[in-house]
Amino acid sequence: MQATTQPYTRDRVVELDGVTVAFHVQDGIRTVLRDIQLTVDAGEWLAVVGKNGSGKTTLARVLARVSPVSKGRVSIDRPVQMVFQNPDAQIVGETVFEDLCFGMENFDVPQTEMPRRAAQAAALAGLHVPLDTPVEQLSGGQKQRLCIASAIAVASDILVWDEPTSMIDPSGRRQILDTARDLRQQGFTIVWVTQRMEELAYADRVVALSEGRIAFVGSPGEFFYGPAADPTAPTGPANAHTASEENAAGPSPCEALGFDAPYVVQVARRLAEAGVVDFRQPILLPEDLVRAVMDREVVDGCR
Ligand SMILES: Nc1ncnc2c1ncn2[C@@H]1O[C@H](COP(=O)(O)OP(=O)(O)OP(=O)(O)O)[C@@H](O)[C@H]1O
């Protein structure tokens, strides 16, 4: 099974045209983003990766309209909210309800509308606690969900997540990813900034930044296996495993940019090189690999 089988509509909700962001620093001007051309479609999951300092957070802030640009055009047709790394830096209320109301007040949501919206947003974000729960009683994962609920409560359906899993444990990470996947299923547009390669499996597209420029745009399969691994490429799915073998010889875009591919991708590529598995779709998740191995028609030594 592919990780990204869910179709998304092709209505463009974000367009960056020639965006450059530069800051005045002590010894002159520092250009952090250079000539960025980027679109985001409604309902899409766009992952943004890059090394430290490559400009990911700045790009996220431009998308959320909290960072001005020095040059270029930003077109965004609806509210965008950010979900940050550190929930404590984002939470201002003493209770869940108070925190949700704070954001809604800033967006002029009528008082009478707030309880309904708060309850709905908390449920969508998977925050299943009474709304009068003190924030200090929430776990790290629940605080993240509160930040997500705050974003949803102000009627934003474009959520920009800036390394949301970087400060939480693996099980909390899994839950946040699942919440994002649920939201995407319900039509939310997700921009997911991360340095964790295994999280790219859930994206429709990956944008890789290097020194403030876009160094790669394509599917997660292309990112990890090379362009010919994309089943929609002209060679077609039937030839995809051959293409994967061809690509296996050279570095993938992921490797060329200095990242280690997720373990499952490394194993899949080795199995393909050894001729153990003919995968016709890029393997992105452990369950995809297990299925590809189970589905092979002939297993050496088991004829
Ligand atoms: N307001 C600012 N003034 C000057 N330099 C800045 C400013 N904001 C960001 N930078 C610099 O721009 C570069 C890119 O920063 P940014 O936070 O966008 O990168 P990043 O890819 O998100 O990095 P990380 O993964 O470390 O968070 C960094 O070198 C940073 O120091």
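Where an unreviewed UniProt entry is consulted, the protein chain appears under the name Energy-coupling factor transport system ATP-binding protein, with the organism given as Alicyclobacillus cycloheptanicus. For the protein chain, the Sequence similarities (unreviewed entry) comment in UniProt is given as "Belongs to the ABC transporter superfamily."

Brief notes about the overall build of the protein chain
On a plain count of helices and strands, the protein chain comes out with 10 helices and nine strands. When burial is assessed residue by residue, the protein chain has 51% of its 303 residues classed as buried. Accessible area for the protein chain stands at about 14600 Å²; split by element, carbon and sulfur atoms hold 49% of it.

Thoughts on the packing of aromatic side chains
Under the defined criterion, the tally for this structure stands at five aromatic pairs. Judged by centre distance (5.0 Å) and plane angle (40°), the ring pair of W161 and W192 falls under tilted. Of this pair, W161 sits in strand 6 (residues 158–162) while W192 sits in strand 7 (residues 189–193), and the two are 31 residues apart along the sequence. Ring plane angle 50° and centroid distance 5.1 Å describe the contact between F216 and F223, whose orientation is recorded as tilted.

Some words on the nonpolar core
Within the largest apolar cluster, 62 residues are counted, with the highest numbers of intra-cluster contacts made by M104, W161, F223 and F224. With seven residues, helix 4 (residues 140–153) is the single largest residue contributor to this core. The residues contacting F223, other than those within four sequence positions of it, are V49, M197, L200, V206, A208, F216, S252, P253, C254 and L257.

Considerations on the site of the ligand
R30, G53, K56, T57 and T58 are the nearest of the 14 residues found near the ligand. At 2.9 Å from an oxygen atom of the ligand is found a main-chain nitrogen or oxygen belonging to T57. For the ligand, an oxygen atom lies 3.2 Å from a polar atom in the side chain of Q195. Here the ligand has 640 Å² of accessible area as a free molecule, and 64% of this is covered by the chains. Only strand 1 (12–25), strand 2 (28–41) and helix 1 (56–63) provide two or more residues apiece to the shell around the ligand. Looking at the shell around the ligand element by element, the count peaks at three residues for helix 1. In terms of residue class, the shell around the ligand is made up of three nonpolar, seven polar and four charged.

Regarding the pattern of salt bridges
Any two side chains of opposite charge can pair, given that their charged atoms come close. Within the structure shown, the criterion is met by 11 salt bridges. E113 is the salt-bridge partner of R116, the closest N and O atoms lying 2.5 Å from each other. In this structure, E199 and R196 form a salt bridge, with 3.9 Å as the shortest nitrogen-oxygen distance. By relative accessible area, R196 is classed as partly exposed at 23%. By sharing partners, the salt bridges in this structure join E15, D17 and R73 into a single network.

A look at helix 5 (residues 170–185)
With 16 residues, helix 5 extends 22 Å from end C-alpha to end C-alpha; this agrees with the ideal 22 Å at 1.5 Å per step. Taken together, the buried positions of helix 5 are G172, R173, I176, L177, T179, A180, L183 and R184. Angular distribution of buried residues about the axis of helix 5 spans 155°; they occupy a single face of the element. Turned more than 90 degrees off the buried face of helix 5, the exposed positions are P170 and Q185. In this fold, the buried residues of helix 5 make contact with strand 3 (45–50), helix 3 (114–124), helix 4, strand 6 and strand 7. G187 occupies a position one or two residues after helix 5 and carries a positive phi of about 105°.

So, the pairing of strand 6
Taking burial as the measure, the five residues of strand 6 include five buried ones, the bulk of the element. Of the two faces of strand 6, both are covered, the one formed by I158, V160 and D162 as well as the one formed by L159 and W161. Here strand 5 (residues 80–83) runs beside strand 6; their pairing, made up of four bridges, is parallel. Looking at the pairing, V83 lines up with W161 of strand 6. As judged from the five bridges shared by strand 6 and strand 7, these two strands associate in the parallel manner. Each residue of the ladder has a partner; that of V160, found in strand 7, is V191.

A short note on the sheet that holds strand 1
Ordered by their spatial adjacency, three strands build an open sheet running 2-1-4, and the pairing between neighbours is antiparallel. In this open sheet, the two strands that pair with only one neighbour each are strand 2 and strand 4 (71–76). Between one strand axis and the next, the sheet turns through 20° on average, direction left out of account. As defined by bridge partners, strand 1 adjoins strand 2 across 10 bridges and the pair is classed as antiparallel. Paired with R12 across the strands is D41, a residue of strand 2.

The rules we used
Residues numbered from 1 in each chain as written. Predicted model: local features only at pLDDT ≥ 70, side-chain atom pairs only at ≥ 80, totals over all residues. Heavy atoms only, no water. UniProt positions renumbered as here; feature names shortened; annotations may be inferred. Helix = DSSP H or I, 4+ residues; strand = E, 2+ residues; numbered from the N terminus. Buried < 20%, exposed > 50% of the residue type's maximum accessible area, 1.4 Å probe, protein only. Areas by Shrake-Rupley, 256 points an atom, 1.4 Å probe, with all protein chains shown as cover. Phe/Tyr/Trp six-rings, centres within 6.5 Å; stacked < 30°, edge-to-face > 60°. Core = buried A, V, L, I, M, F, W, Y, C linked by side-chain atoms within 4.5 Å. Contact = heavy atoms within 4.5 Å. Near = heavy atom within 4 Å. Polar contact = N/O pair within 3.5 Å; in protein donor to acceptor, adjacent residues only side chain to side chain. Nonpolar A, V, L, I, M, F, W, Y, C, P; charged D, E, K, R; others polar. Salt bridge = Lys/Arg side-chain N within 4 Å of Asp/Glu carboxyl O. Expected span 1.5 Å × (residues − 1). Arc of directions from axis to C-beta. Pairing = 2+ DSSP bridges. Axes fitted to C-alpha atoms, helices over the stretch in contact; angles between N-to-C directions.

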